[in-house]
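For reference, the chains in residue letters:
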Amino acid sequence: MDREKVTIICRCNDVTLEDILKAIESGIDDFELLRKKLKIGFGPCQGRGCLVIAGRLFARKTGRNLGEIISNYTFRPPLVPIPVKYFTRGGEK
C-alpha cells in the first residue's frame, strides 16, 4: 500500500478509508459492529476525531440516515484533553 494514497479516518487506531470500505463491502451492515471490529472511537480521542467521518461513510455506503447512525453516541468528558501533570502531586495550575 502506497502511504501517500492512504486516507486515515481514525488517527488513534490507524483505521483507513480502505479498511472501512472493505468492512462494509464484506457485509457489515451495523455501525456499532463496524466500530467494534475496527476499533473506531476506542482511542484517546473517544471518537471526537473520527466518529462522524466514519458515520458519514457508513451512511453513504448503506443508504442510511447519518442522524440515525450517530444519534446514540455522545462524547465523554473531558471535552479538551487535560495534561497528565494536572493529576499528579505538585502539578501546575
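Residues numbered from 1 in each chain as written. Predicted model: local features only at pLDDT ≥ 70, side-chain atom pairs only at ≥ 80, totals over all residues. Heavy atoms only, no water.

Peer 1: In this structure, what is going on with a nonpolar patch on the surface? I would like to understand it.
Peer 2: On the surface, Ile82, Tyr86 and Phe87 cluster together to form a nonpolar patch covering roughly 340 Å² of accessible area. Note that Tyr86 resides in the segment after α4 (66-70). You can call Tyr86 partly exposed: its relative accessible area is 40%. (Patch = residues over 30% accessible without salt bridge, like charges linked within 9 Å, V, L, I, M, F, W, Y side chains within 5 Å. Areas by Shrake-Rupley, 256 points an atom, 1.4 Å probe, with all protein chains shown as cover. Salt bridge = Lys/Arg side-chain N within 4 Å of Asp/Glu carboxyl O. Helix = DSSP H or I, 4+ residues; strand = E, 2+ residues; numbered from the N terminus. Buried < 20%, exposed > 50% of the residue type's maximum accessible area, 1.4 Å probe, protein only.)

Peer 1: Please explain the packing of aromatic side chains as it appears in this structure.
Peer 2: Working definition: an aromatic ring pair is given by the centre-to-centre distance plus the angle between the planes. One pass over the structure, following the stated rule, counts one aromatic pair. Relative to Phe58, the ring of Phe31 has its centre 5.5 Å away and its plane inclined at 55°; by these criteria the two rings are tilted. Taken together, the residues Phe31 in helix α2 (residues 31-38) and Phe58 in helix α3 (residues 51-62) connect sequence positions 27 residues apart. The lysine or arginine in question, Lys39, covers the ring of Phe42, its NZ or CZ lying 5.8 Å from the ring centre. (Phe/Tyr/Trp six-rings, centres within 6.5 Å; stacked < 30°, edge-to-face > 60°. Lys NZ or Arg CZ within 6 Å of the ring centre and 35° of its normal.)

Take it as geometry only, folks, not as evidence of what the structure does.
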